Amino acid sequence: MGKRVVVGLSGGVDSSVTAHLLIEQGYEVIAMFMRNWVDDSVIISEECPWVEDSNDALAVAEKLGIPFHVIDLSEQYKERIVDYMFKEYEQGRTPNPDILCNREVKFDIFLKAALKLKADFVATGHYVQKDTIVENGKEIHRLLAGEDPNKDQSYFLCQLNQEQLSKALFPIGHLQKSEVREIARKADLITAEKKDSQGLCFIGKVRLPDFLQQQLAPKKGEIRELGVHETNFQTYYKQANQSFENKREELIALSAPYEYQPEDGKVVGQHNGAHYFTIGQRKGLAVGGTPEPLFVIEKDTINNIIYTGQGDHHPGLLRRGLLVPNEGIHWVRADLKLKVGESRSYLARIRYRQPLERATLYMESDGLYVIFDEHQKGIAPGQFVAWYSKNELIGSGEIA
């Protein structure tokens, strides 16, 4: 019998094929279904996702002839992910629960549970790849983008460390989605044609305001529109033509969020709570009659104001840089960590599915400044920036 692998069997096609391939490769495979969410009151779809998924996962495990376990992580999930989300939104930030879910749940709590079953590895159905190199006699695990550019999920694993990667297998990372479905059909797996899950990690498709209202009460506030050419705002957007006394001053200016006053712009509508919105959001404002669609360009959760601008090229949406404070910097490749005063060019993205953009990272005493060659839309505090060298994810950080 080969090495023992615990597969996070989610009830979807990707994890089903993951288990199937590992059996073919000679591993001893154990399936484990994670039950992480039990409150269906905020879920949009009629069906109860985790029950259906659990049944499908069990059917796949029985088809493959492997042991099947259910592990209830709902308490830990609420503590580490849901409570974190509420806290972040309350502070006016935009969290990414999927990234936290991988760091805190799948590759921490779940991994520890798998190790108690004497597992050598855990495996997931992520579209990412891993390889291992040796430098100075030490193994270094590299996290690589998935082969299918439309499905690459490396961004969601950007907070993993070397220890977690050493125990991780990603058997479908070299495949296209179409190939994964074909393998599932040939293996006669019940999940072969099942649609991909959408929405929050382990919760499903939710109405975010409904979800957040469990903790954050609705509160009426103003939606204000900021004109592009109003004199008051020109100071915020003039960075491109500014001259700076030194590099540090320039980094701070390029990375600073725009600040607005409660009286700036004109009132164009009302909202039910600034904390329900995110920078760059277009839907849900319910304000019509503008030549171009309105986008959220800033939110003030203290005064409960949403600032908007017309069009996705409104200067208030655009910034060249961002800061990751020291406590938020994470290097997947710790051997490539920058020292204070050093800089290096990478490719970077600030959200899943965003094409990689050229950027330079500057390590300063207060954190890591990421300065893009081109302006980026909708940089929001609480989001994660991830940086790459070609197709390898090198590190990531939570935006200030």
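Up top is the structure.
Residues numbered from 1 in each chain as written. Predicted model: local features only at pLDDT ≥ 70, side-chain atom pairs only at ≥ 80, totals over all residues. Heavy atoms only, no water.

This brings us to the sheet that holds strand β8 (residues 221-225). Read across the sheet, four strands follow the order β9-β8-β11-β10 without closing on themselves; strand pairing throughout is mixed. Two strands close off the open sheet at either side, each with one partner strand: β9 (266-271) and β10 (294-300). Sheet twist, expressed as the average angle between the axes of neighbouring strands with direction ignored, equals 30°. (Pairing = 2+ DSSP bridges. Helix = DSSP H or I, 4+ residues; strand = E, 2+ residues; numbered from the N terminus. Axes fitted to C-alpha atoms, helices over the stretch in contact; angles between N-to-C directions.)

Reading across from one edge, β3-β2-β1-β4-β7 is the order of the five strands in this open sheet, with parallel pairing throughout. Bordering the open sheet on either side are β3 (68-72) and β7 (168-169), each of which pairs with just one other strand. In terms of strand pairing, strand β1 (residues 4-8) meets strand β4 (residues 121-123) through three bridges, oriented parallel. Bridge pairing in β4 places Val7 opposite Ala123. Of the strands in this sheet, β1, β2 (28-35), β3, β4 and β7 touch helix α4 (residues 97-116), which is tilted by about 125° from β2. (Contact = heavy atoms within 4.5 Å.)

On to the side chain of Glu364. Mapped onto the fold, Glu364 is located in strand β15 (residues 357-364). Beyond its immediate stretch of four places on either side in the chain, Glu364 contacts Arg248, Leu251, Asn326, Val340 and Tyr369.

We now examine helix α9 (residues 247-255). What sets the pattern is the α-helix's 3.6 residues per turn: residues three or four places apart point alike. Taken as a whole, α9 has its buried residues at Leu251, Ala253, Leu254 and Ser255. N-capping of α9 is provided by Asn246, with a side-chain oxygen placed 3.3 Å from the backbone N of Arg248. (Buried < 20%, exposed > 50% of the residue type's maximum accessible area, 1.4 Å probe, protein only. Polar contact = N/O pair within 3.5 Å; in protein donor to acceptor, adjacent residues only side chain to side chain.)

So, about the pairing of strand β11 (residues 305-310). Most of β11 is tucked away: five of the six residues are buried. Sheet topology places β8 next to β11; four bridges connect them, and they run parallel. Note on β11: the bridge partner recorded for Glu222 is Ile305. Connecting β10 to the antiparallel partner β11 that follows it, the hairpin turn spans four residues, and Asn304 within it adopts a positive phi of roughly 60°.

What follows concerns helix α1 (residues 13-24). The terminal C-alpha atoms of α1, which comprises twelve residues, lie 17 Å apart, in line with the 16 Å expected from a rise of 1.5 Å per residue. Those residues of α1 not exposed but buried are Val13, Asp14, Ser15, Ser16, Val17, Thr18, Ala19, His20, Leu21 and Leu22. Immediately beyond the C-terminal end of α1, within one or two residues, lies Gly26, with a positive phi of roughly 95°. (Expected span 1.5 Å × (residues − 1).)

Here is a general trend for soluble globular proteins: nonpolar side chains tend to be buried in one another's company. One finds Leu143 and Phe170 to be the most contacted residues of the largest nonpolar core, which totals 51 residues. Those elements that place two or more of their residues in this core are β2, α3 (74-90), α4, α7 (208-212), β10 and β17 (384-389). In terms of residues, this core owes the most to one element, α4, which gives ten residues. Once residues lying within four places of it in the same chain are set aside, the contact partners of Leu143 are Val128, Gln129, Ser154, Leu157, Leu165, Phe170, Val332, Asn391, Glu392 and Leu393. Grouped together as the second largest cluster of nonpolar side chains are 27 residues, Val13, Ala57, Val60 and Ala61 included. (Core = buried A, V, L, I, M, F, W, Y, C linked by side-chain atoms within 4.5 Å.)

Within this structure, the stated rule accounts for five aromatic pairs. Ring centres 4.4 Å apart and planes at 40° place the aromatic pair Phe156 and Tyr352 in the tilted group. One end of the pair, Phe156, is in the loop between β6 (138-145) and α5 (162-166); the other, Tyr352, is in the loop between β14 (343-349) and β15, with 196 residues separating them in the sequence. Judged by its relative accessible area of 14%, Phe156 falls in the buried class. Assessed through its relative accessible area of 23%, Tyr352 is described here as partly exposed. Three or more aromatic residues joined by ring pairs form one cluster here, namely Tyr155, Phe156 and Tyr352. (Phe/Tyr/Trp six-rings, centres within 6.5 Å; stacked < 30°, edge-to-face > 60°.)

A few words on the state of the cysteines. Under the criterion given, the structure shown has zero disulfides. Here Cys158 stays free of any disulfide, with the sulfur of Cys101 as its closest cysteine sulfur at 13 Å. Residue Cys158 is classed as buried on the basis of its relative accessible area, which comes to 0%. (Disulfide = S-S within 2.5 Å.)

Right, let's talk about the environment of Met1 for a bit. When you line up the elements, Met1 lands in the segment before β1. Residues Met1 and Gly26 lie 25 residues apart in sequence; the distance between their C-alpha atoms is 7.2 Å.

Our focus in this paragraph is the pattern of salt bridges. In the structure shown here, the tally under the stated rule is 28 salt bridges. Two residues, Glu182 and Arg185, come together in a salt bridge whose shortest N-O distance is 2.8 Å. Here Glu182 and its partner Arg185 are both found in helix α6 (residues 177-186), three residues apart, which amounts to about one turn of the helix. Assessed through its relative accessible area of 34%, Glu182 is described here as partly exposed. On the accessibility criterion, Arg185 (39% relative accessible area) is partly exposed. A single network of salt bridges, built from pairs that share partners, joins Asp14, Lys151, Lys177, Arg181 and Asp196. (Salt bridge = Lys/Arg side-chain N within 4 Å of Asp/Glu carboxyl O.)

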